[in-house]
Amino acid sequence: MDIHTQIRVFINDIDSFTSKCIAKCLSKHTIEGDGSAKKEGRTLKSCDSVPQSYEVVGTSSFVSEEVRPFVLEAYVQLRRANVLQKLMECDVIIYNITGHPEQVDEARWAVTVMTWACSEPISSDELELPFTDDDFRRRIPHPNFKKHLELEKLVGKMGKMDRALFSTYVVVSGLQYGMGEQVFHLFFKMSWLGQENEIAVFGEGNNVVPTIHVSDLASVIKKIIEIQPKPFYLVAVDYSNNTMEDIVQSIACALGSGKIQRKPLEEAFLKQDFGITDIDLLRVNLCMEGVHLKELFSVHWLCEFGLVENIELVVEEYRQSRGLLPIRMCVLGPPAVGKSRVSQQICDHYKLHHIRLKETISETVSHLEFMIRNTPSDLDNEESTSATEAQELLNIFKENMEQNRGVSDDQLLVKVMIDKLMSNACKNQGFVLDGFPKTYEQAKELFHVDEHESDERASLTSLYNKKIMPEFVLCLDASDSFLKDRVINLSEKLVQEHKYEQEQFLQILAKYREKNMEDSVATYFEELDIKPFLIEIASVNTPDNQLLLHQICERVGQPRNYEQRDHKVQDRETELMETLDKARREQKERDEARQRSAHWQLWSNTLKEKRQQEVQQLEVLSLPMKTYLIEYVISPLSQGLIACGSAWPEDPIDFLAEYLIKNNP
């Protein structure tokens, strides 16, 4: 019989960075192991190799599409009375208090009510103190985290009552990184954008920052759920002792130019991306070691030795998690077809880097001259060798340019282009290769396909350089007559700049057609299963190329940069705010309607009571007058009218007046 144990796990604020990653980790794992799962007051002891899986539920301000696949139930804006019911249905409760300060109060409330709900009277002999060391007892909190320390003590105290019914653990983690980043995100963002002036170490930067990859933190928590160790206070950090400067420097080198600045600590408070809590975390100076992790757990580490040692992995996670994937494109076509203009418009739309051979060569020459000019004479062997190589390469460039009025060495051109395409800027945002490579052989050399296996498609697709291989290839084409007419209409300045004089242009065009008769650059990409996007230009386009750009954007898709991501986040936040505002308005209208109804009812009842009181007062006030009228007015008048009716006088009024005068009481 197949026994399968479901462990229901509650995680607060499930849309936050850390909680979301823990939820993902738990939902992906079905474990084999010893342990027990407590459900509805009973203990289910697992046999040997009983499979266990996790059902993740939790509270959330809103449920994002990123979290939805990993969560069984998400409770949005749940009241505390209902939260208690949901907590009682769970086997494991995880409270993340590293984010918002209000989570500390909620966690304190949760552990208190859960202790009251789960505990039973026990004798003092059954108390078993958890293992703690001297460092745990001597810890002193930062002034802004005193509530966290109080909560830690409360959690430890509540878990001592009866660990069989209600066991508690405090997991003190280092600063989390990975999966898109949280507290370190500003450094990643500025480096990715190439904003060298913004990449800074605030303060001295020599403080040691304890860290842990968020996936490793989730693995530690999963291990705690599985084995339920005896110590209740656990330190979860990796085996690194990196300073803040080491971390920022490694990020800048992996994503940017490697240049960082030192800025006063006060400037960190001016950054919108940093909250007060983030600044406090970045200033921490503490060497920590997870002793219990070494002794009790066999954690499958993803980044065992920290962020700096695993920066390439972390950077790739950052790009994938935030959707900051480069767009690599190659634009091909005959001379004068408009490659440069289209390439520049694509770069402007997608925020890419426009790579042209002539400009790249000029940049390389300038860089080599700068290196040689700024290299001191008294250097060690390694630096001296680099300077010598730079001088040799510069001499080759100058020799080629003098003999051929340009560089004709394919290997030299390919080396220059590879260096450019492998730069962090091109790897971050992407690029548009404008008119290069020009031949099948150049393409083959540029993307590093092994010549001995070039006949086999499987070998081709496995050996090309994936880091610089274009994922989109745009082939522009036009008839020779159209290209000639276009060159005729160009300004004299552009004709001289591109060397499009009549005879020269015809030679260049004929040479291009000859090279692309059989093995063209487009053929090379087709062999790698990268289908070129062919666009025939049959008429003179408008200067903005709107129709052409629309076709290209439909093929390529949406941008993959911060601007596009920010728009999506803003749209989601706007939609959420509109939903919340609508709910608040509806609730406000209902409250106002209830208040109006209550006020109307109160007013009606008060008015009714007032009227009754007025009637009663009038009756009391009118009683003497009523008695007087009955005795002295109505009675004589009635007798006079009776007498008038009996006598039938000619003038009844005079008769009645005389009667009343004679019989006046």
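Residues numbered from 1 in each chain as written. Predicted model: local features only at pLDDT ≥ 70, side-chain atom pairs only at ≥ 80, totals over all residues. Heavy atoms only, no water.

A. Looking closely at the overall build of the protein chain. Across its full length, the protein chain holds 26 helices and 18 strands. Looking at the protein chain as a whole, 41% of its 665 residues qualify as buried. Accessible surface computed for the protein chain: about 39,100 Å², of which carbon and sulfur atoms make up 51%. (Helix = DSSP H or I, 4+ residues; strand = E, 2+ residues; numbered from the N terminus. Buried < 20%, exposed > 50% of the residue type's maximum accessible area, 1.4 Å probe, protein only. Areas by Shrake-Rupley, 256 points an atom, 1.4 Å probe, with all protein chains shown as cover.)

B. Highlighting the pattern of salt bridges. One pass over the full model with this rule turns up 11 salt bridges. Of the charged contacts in the structure, one is a salt bridge between Lys415 and Asp419, with a shortest N-O distance of 3.4 Å. Highlighted residues: Lys415 and Asp419, both in helix H16 (residues 410–421), separated by four residues, approximately one helical turn. A relative accessible area of 43% places Lys415 in the partly exposed class. In this structure Asp419 comes out as partly exposed when scored by relative accessible area, which is 47%. The partner of Asp480 in a salt bridge is Arg513, and the shortest N-O contact between them spans 2.8 Å. Placement of Asp480 in helix H20 (residues 480–488) and of Arg513 in helix H22 (residues 502–515) is noted, with a sequence separation of 33 residues between them. In the salt-bridge network here, residues are joined through shared partners; they are Arg8, Glu55 and Glu73. (Salt bridge = Lys/Arg side-chain N within 4 Å of Asp/Glu carboxyl O.)

C. Summary view of the side chain of Ser343. Secondary-structure assignment places Ser343 in helix H13 (residues 339–350). Judged by its relative accessible area of 0%, Ser343 falls in the buried class. In this structure the side chain of Ser343 is engaged in a polar contact, spanning 2.7 Å, whose partner is the backbone oxygen of Lys339. (Polar contact = N/O pair within 3.5 Å; in protein donor to acceptor, adjacent residues only side chain to side chain.)

D. Representation of the sheet that holds strand E15 (residues 353–356). Read across the open sheet, the five strands follow the order E15-E16-E14-E17-E18; overall the sheet is parallel. Since the sheet does not close on itself, it has two edges, and those belong to E15 and strand E18 (533–536), each with one partner. Adjacent strand axes in the sheet meet at a mean angle of 20 degrees when their direction is disregarded. In terms of strand pairing, strand E14 (residues 327–332) meets strand E17 (residues 472–477) through four bridges, oriented parallel. Looking at E17, one finds that Met329 is bridged to Phe472. Set on the sheet, helix H24 (residues 546–556) makes contact with E14, E17 and E18; between it and E18 the angle comes to about 170 degrees. (Pairing = 2+ DSSP bridges. Axes fitted to C-alpha atoms, helices over the stretch in contact; angles between N-to-C directions. Contact = heavy atoms within 4.5 Å.)

E. How the structure looks around helix H6 (residues 185–193). Counting buried positions along H6 gives eight out of nine residues, so the element sits mostly inside the fold. For H6, the full list of buried residues reads His185, Leu186, Phe187, Phe188, Lys189, Met190, Ser191 and Trp192. Gly194 lies just past H6 and shows a positive phi near 75 degrees.

F. Seen up close, the nonpolar core. Counting residues in hydrophobic clusters, the biggest one holds 34 residues, and the most contacted among them are Leu433, Leu446, Tyr524 and Phe525. If you list the elements that add at least two residues to this core, you get E14, helix H14 (357–373), helix H15 (381–404), H16, strand E16 (430–434), helix H18 (440–446), E17 and helix H23 (521–527). In contact with Leu433, other than residues within four places in its own chain, are Met329, Cys330, Val331, Ile355, Met417, Leu421 and Leu446. Of all hydrophobic cores here, the second largest spans 33 residues; its members include Phe187, Phe188, Phe202 and Met244. (Core = buried A, V, L, I, M, F, W, Y, C linked by side-chain atoms within 4.5 Å.)

G. Quick look at a nonpolar patch on the surface. Together, Met625, Tyr628, Leu629, Ile630, Tyr632, Val633 and Ile634 line one region of the surface with nonpolar side chains, adding up to about 630 Å² of accessible area. With respect to the helices and strands, the residue Tyr628 is situated in helix H25 (residues 562–647). The exposure class assigned to Tyr628 is partly exposed, which follows from its relative accessible area of 45%. (Patch = residues over 30% accessible without salt bridge, like charges linked within 9 Å, V, L, I, M, F, W, Y side chains within 5 Å.)

H. Here's a closer look at the packing of aromatic side chains. Enumeration over the complete set of coordinates arrives at 13 aromatic pairs. Between the aromatic rings of Phe202 and Phe274, the centroid separation amounts to 6.1 Å while the plane-to-plane angle is 80 degrees, which identifies the pairing as edge-to-face. Placement of the pair is Phe202 in strand E10 (residues 200–202) and Phe274 in the loop between strand E13 (261–263) and helix H9 (276–282), with a sequence separation of 72 residues. Relative to Tyr524, the ring of Phe447 lies with its centre 6.1 Å away and its plane at 15 degrees, an arrangement referred to as stacked. One end of the pair, Phe447, is in the loop between H18 and helix H19 (457–463); the other, Tyr524, is in helix H23, and 77 residues separate them in sequence. Put simply, the rings of Tyr440, Phe447, Tyr524 and Phe525 touch in pairs and so form one group of aromatic residues. Lying across the ring of Tyr562, Lys189 places its NZ or CZ 5.1 Å from the centre. (Phe/Tyr/Trp six-rings, centres within 6.5 Å; stacked < 30°, edge-to-face > 60°. Lys NZ or Arg CZ within 6 Å of the ring centre and 35° of its normal.)

I. Inspection of unusual backbone geometry at higher detail. Residue Pro437 is bonded to the preceding Phe436 through a cis peptide linkage, with omega at 5 degrees. Within the secondary structure, Pro437 is located in the loop between E16 and H18. Positioned with a positive phi, Lys351 is a non-glycine residue whose angle comes to about 60 degrees. For Lys351, a relative accessible area of 41% gives the class partly exposed.

J. Up close: the confidence of the model for the protein chain. For the protein chain, per-residue confidence averages 77 on the pLDDT scale, and residues scoring 70 or more make up 76% of the total. Mean pLDDT across the secondary structure elements of the protein chain bottoms out at strand E4 (residues 42–45), with 36, and peaks at E14, with 94. Note that residues 112–134 has pLDDT below 50 and, in this model, 34 contacts with residues that lie over four places away or in other chains. Note that pLDDT drops below 50 for residues 453–463; the model gives that stretch 15 contacts with residues more than four away or on any other chain. (pLDDT = per-residue confidence, 0-100.)

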